[in-house]
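Analysis of the macromolecular model
Next come the chains, spelled out residue by residue.
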Amino acid sequence: ITIIRHGDRTPKQKLKYVTDQERMLGYFHDHTKKVKKDLKVKAKKNMIEFLRMVKALIGDLEAEGPKKNFELLARARHIRDILERWQFSGLNRKLQMKPQAWDSVETPDGMKSNCSKLQLIVKWGGDLTKLGEKQATQLGNRLRNELYPANKGGGILRLHSTFRHDLKIKTSDEGRVMKTAAAFAKGMLELEGDLPPILVSLVHKEKDSQHMLDPSGHKDVKVDLEKCKEMINANMQRDVEYDKMTKEERESLVGPERLLSLHRALKEVGNPRKTLVAIHSTIGKLVDQLD
């Protein structure tokens, strides 16, 4: 069993805000059966429906008056522009709706819970780069050569016809992860051609695999993730100089000394708080120049 992380990717970007707009809530209720669970939208058809809804929302806000709904209108237009930036493919954008408040509504079947407020998160970017594709293919080549070195019997090529059926490649539903898996298979099995046919024939995206490969929705894992985020946020705010820290203090920030890359990164950062202030100042100047 080999577990592999995705290759080099473009920067991930996201837009998030909390809303109680009727059209947003209507879309959420139309596409979920459990109003207390998060909704993920990636399928082409559902994304097109969402875009139509956003355009209708923009029309409503413009009719009410642009000045009255300035912030809401700006957000809706931003979302529309993101969704229209590329042709829909199901791999380069996704959105999440996270319910945050509920109301009880009386129906003919009895009392029913309805979501009254949700957090909308639109994500884009994070696509596998050519470098990432090359990294995955090289890793496949390397694994093949180490596990099945070339010999008179033909190495992996001798097993090729049966090995292809025995080899199970499973991924999460992230586009960059699926492409990485296809590039890995290309290197591992010495395949030729583009990634899409390899992706379709050899890479499996199964619900049972999601829990293992993308545990972000698990309650227990969420608790650990929140603890990690809190620790990172606290440590990034510390006003300490790398050169003046003891070994114990450095390890409390980034872990044991054997984690060489983290310790090198901390040395490069120097003083976490001062570095954050410098980044904030630089971004502020850039925004001023763009304005």
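Preceding this paragraph is the structure being described.
Let us look at the structure shown here. (Residues numbered from 1 in each chain as written. Predicted model: local features only at pLDDT ≥ 70, side-chain atom pairs only at ≥ 80, totals over all residues. Heavy atoms only, no water.)

1. Here we look at the packing of helix 10 (residues 247-254) against helix 11 (residues 260-269)
- Relative orientation of the contacting elements helix 10 and helix 11 amounts to 105°, with a least axis distance of 10 Å. With respect to helix 11, the element helix 10 is oriented roughly perpendicular. Residue-level contacts link Arg 250, Glu 251, Leu 253 and Val 254 of helix 10 to Leu 262, His 263 and Leu 266 of helix 11.
- A class-by-class count of the residues in the contact of helix 10 with helix 11 yields four nonpolar, one polar and two charged. (Axes fitted to C-alpha atoms, helices over the stretch in contact; angles between N-to-C directions. Helix = DSSP H or I, 4+ residues; strand = E, 2+ residues; numbered from the N terminus. Parallel < 35°, antiparallel > 145°, perpendicular 65-115°, else oblique. Contact = heavy atoms within 4.5 Å. Nonpolar A, V, L, I, M, F, W, Y, C, P; charged D, E, K, R; others polar.)

2. Details of the layout of surface pockets
- Roughly 270 Å³ of volume is contained in the second largest pocket.
- For the second largest pocket, the full set of lining residues is Cys 228, Met 231, Ile 232, Asn 235, Met 236, Leu 253, Val 254, Leu 262, Ala 265, Leu 266, Val 269 and Pro 272.
- Residue contributions to the lining of the second largest pocket peak at five residues, all from helix 9 (residues 219-236). (1 Å grid on protein atoms, 1.4 Å probe; cavity = no way out; pocket = protein on both sides within 12 Å on 5 of 7 lines; lining within 4 Å. Points joined across faces, edges and corners; volume = space filled by probe spheres on them.)

3. Observations concerning the sheet that holds strand 2 (residues 39-41)
- The strand order 1-4-3-2 describes an open sheet built from four strands, whose pairing is antiparallel. Each edge of the open sheet is held by one strand with a lone partner, namely strand 1 (12-19) and strand 2. Neighbour to neighbour, the strand axes of the sheet diverge by 25° on average, direction disregarded.
- Where strand 2 lies against strand 3 (residues 93-107), three bridges are found, and the strand directions are antiparallel. Each bridged residue has a counterpart across the sheet, and for Leu 39 the counterpart in strand 3 is Met 97.
- Against the sheet, helix 2 (residues 44-64) contacts strand 2, strand 3 and strand 4 (110-125), and its axis sits at roughly 70° relative to strand 3. (Pairing = 2+ DSSP bridges.)

4. A short note on the packing of aromatic side chains
- Within the structure shown, the criterion is met by one aromatic pair.
- Positioned above the aromatic ring of Trp 102, the side-chain terminus of Lys 36 is 5.3 Å from the ring centre.
- One Lys or Arg, Arg 250, reaches over the ring of Tyr 242 and ends 4.0 Å from the middle of that ring. (Phe/Tyr/Trp six-rings, centres within 6.5 Å; stacked < 30°, edge-to-face > 60°. Lys NZ or Arg CZ within 6 Å of the ring centre and 35° of its normal.)

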